[in-house]
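Per-entry structural report
Below, each chain spelled out in residue letters.
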Amino acid sequence: HCFVVQFTKLPSDFFRKKLADQVMQNPQVLAALQERLDNTALTPSSYIETLPKAVKRRIDALKQLQVKCAHIEAKFYEEVHDLERKYAALYQPLFDKRREFINGEAEPTDAESEWHSENEEEEKLAGDLKNVVVIEEKAEAEEINVKGIPDFWFTIFRNVDMLSELVQEYDEPILKHLQDIKVKFSEPGQPMSFSLEFHFGPNDYFSNTVLTKTYKMKSEPDKTDPFSFEGPEIVDCDGCTIDWKKGKNVTVKTIKKKQKHKGRGTVRTITKQVPNDSFFNFFSPIKVSGDGESLDEDSEFTLAADFEIGHFFRERIVPRAVLYFTGEAIEDDDNFEEGEEGEEEVRCILHLL
């Protein structure tokens with residue numbers, strides 16, 4: 001006996017329909033398909049690729065115009081820098097008088113010291129209560145002769161978290177000799193920069209009267225990425241040499257280390273100096289490499305933090321010092337939530353030339 005088996009060829013549409021029916025009945029497969037469709041949604045770049053060649057050509061022309069806009073914007077910021085220099089000269093007489101009041105070099109007149117606060121009634125009541133004191137206490141208080149505003153700048157360092165994190169306990173006696181901080185802008189025709197000058201009174205730690213830190217800036221679009229330009233950026237900084245008096249350098253510490261002789265087995269103790277955490281390391285910044293070598297991640301983070309501190313001194317602390325002393329500016333800063341209008345962002349770039 002023989003059997004003849006006949007195979008009937010079914011059309012491919014039949015199998016596709018069968019497969020589609022199975023897919024529609026399987027929720028897990030449907031979900032997987034939907035996820036894949038969502039992930040392959042049209043992106044801006046993929047949309048651009050679908051455009052006709054003539055449209056792409058016009059878009060390239062728009063990018064050319066955008067680069068020209070960036071160069072005009074750079075010129076705008078150069079003129080802003082010139083304005084900053086001009087108005088810094090107008091502010092300076094007021095800052096000079098501020099320094100005199102802080103350091104006790106002059107006393108404000110009654111008119112200069114008149115200030116009406118929001119809580120004037122409460123302060124008046126408090127003043128009346130203060131007058132109700134025993135004669136002996138008044139006499140004792142009158143004997144105290146306070147010069148200027150003690151620890152003015154040191155108090156600001158203590159109040160501002162960004163600065164207090166840098167200050168060590170052994171830095172504090174030195175910072176109490178800080179008499180003034182000034183911002184100086186680069187001269188016309190010179191590369192854009194600004195300097196911070198820290199003026200110190202005579203002290204037992206170093207012989208410098210002024211410690212300086214200069215921040216170099218760039219205000220031109222990057223040739224390789226011109227669309228990233230958003231204004232002047234700090235690109236490098238220079239510190240200064242601190243002339244420490246003998247045994248007073250807080251940026252290093254002396255450690256003792258035991259060494260064993262390989263042959264004789266004898267042990268000797270040696271002393272060596274190693275770097276020490278201190279605010280005064282601020283004047284010995286990491287340098288941006290000029291030989292094409294990139295910095296490691298920790299160095300880049302340290303340099304970016306340094307740029308941010310320099311910007312904060314220039315933009316906030318020096319112009320509004322009294323409000324950071326009283327804490328009012330700190331309260332204002334805390335009132336800004338992340339993402340609100342008015343929040344400042346420091347743009348720091350590391351150009352490794």
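Every value quoted in this text rests on a predicted model; they were computed, and no experiment measured them.

**Quick word on the sheet that holds strand 1 (residues 178-185)**
Spatial strand order, 1-2-3-4: 4 strands in an open sheet with antiparallel pairing. Single-partner strands in this sheet number two, and they are strand 1 and strand 4 (233-238). In this sheet, neighbouring strand axes are inclined to one another by 20 degrees on average, regardless of whether the strands run parallel or antiparallel. In this sheet, strand 2 (residues 193-200) lies alongside strand 1 in antiparallel orientation, the contact comprising 7 bridges. Across the sheet, residue K182 finds its bridge partner in strand 2, namely E197. Seen against the sheet, helix 4 (residues 53-102) touches strand 1 and strand 2 and runs at an angle of roughly 165 degrees to strand 1.

**Quick notes on unusual backbone geometry**
Glycine aside, residues mostly have negative phi angles, and peptide bonds mostly take the trans form. A positive phi angle is found at D151, which is not glycine, with a value near 55 degrees. Structurally, D151 is set in the loop between helix 7 (135-143) and helix 8 (152-159). For D151, a relative accessible area of 31% puts it in the partly exposed group.

**Section: the side chain of H199**
Relative to the helices and strands, H199 resides in strand 2. Of note is the side chain of H199, whose polar atom sits 3.1 Å from the side chain of E197. Those residues in contact with H199 that sit more than four places away from it in its chain are H177, L178, Q179, D180, K182, T209 and V210.

**Looking at helix 4**
When the terminal C-alpha atoms of helix 4 are compared, their 68 Å separation across 50 residues agrees well with the 74 Å that a helix rising 1.5 Å per residue should span. What helix 4 keeps buried is the set A70, A74, H81, R85, Q92, F95, R98 and I102. Tucked into the core, helix 4 has its buried residues touching helix 8, strand 1, strand 2 and helix 12 (321-326). Positive backbone phi, approximately 75 degrees, marks G104, located one or two places after helix 4.

**Details of the pattern of salt bridges**
Scanning all chains against the criterion turns up 13 salt bridges. In this structure, the salt-bridge partner of E84 is R314, at a minimum N-O distance of 2.6 Å. Here E84, found in helix 4, pairs with R314, found in helix 11 (residues 297-317); they are 230 residues apart in sequence, far enough to count as distant. Where K184 meets E197, a salt bridge forms, and the shortest distance between an N and an O atom there is 3.5 Å. Taken as a pair, K184 in strand 1 and E197 in strand 2 lie far apart in primary sequence, 13 residues in all. You can call K184 partly exposed: its relative accessible area is 38%.

**Let's talk about the confidence of the model for the chain**
The predicted model of the chain has a mean per-residue pLDDT of 81, with 74% of residues at 70 or higher. Low confidence marks residues 1-10, where pLDDT is under 50. Its contacts with residues over four positions away, or in another chain, come to 1 contact. The model gives residues 339-353 a pLDDT under 50, and that stretch makes 42 contacts with residues more than four places away or in other chains.

Analysis parameters
Counting of residues starts from 1 at the beginning of each chain's written sequence and follows it residue by residue. Two thresholds apply to this predicted model, a pLDDT of at least 70 for residue-level local features and 80 or more for giving and counting side-chain atom pairs, whereas whole-chain, interface and lining totals are computed over all residues. Side-chain metrics in this entry use all non-hydrogen atoms of the structure; hydrogen atoms and water are not considered. A pair of strands is considered paired only if DSSP assigns at least 2 bridges between the two. Strands here mean DSSP runs of E at least two residues long; helices mean DSSP runs of H or I at least four residues long; both are numbered from the N terminus. Helix axes use the C-alpha atoms of the stretch in contact, all axes being lines fitted to C-alpha atoms, and the angles between their N-to-C directions lie in the range 0 to 180 degrees. Residue contacts are counted whenever heavy atoms from the two residues lie within 4.5 Å of one another. The buried label applies to any residue whose accessible area, calculated with a 1.4 Å probe on protein chains only, is under 20% of its type's maximum; exposed applies above 50%, and partly exposed to all values in between. In the analysis that follows, any N or O atom pair within 3.5 Å is treated as a polar contact, provided that within protein one partner can donate a hydrogen and the other can accept it, and provided that, for residues neighboring in sequence, both atoms belong to side chains. Helices are assigned an expected span. That span is 1.5 Å times one less than the residue count. Take a side-chain nitrogen of Lys or Arg and a carboxyl oxygen of Asp or Glu: if they are within 4 Å of each other, that pair is a salt bridge. A score between 0 and 100, pLDDT records how confident the predictor is in each residue.

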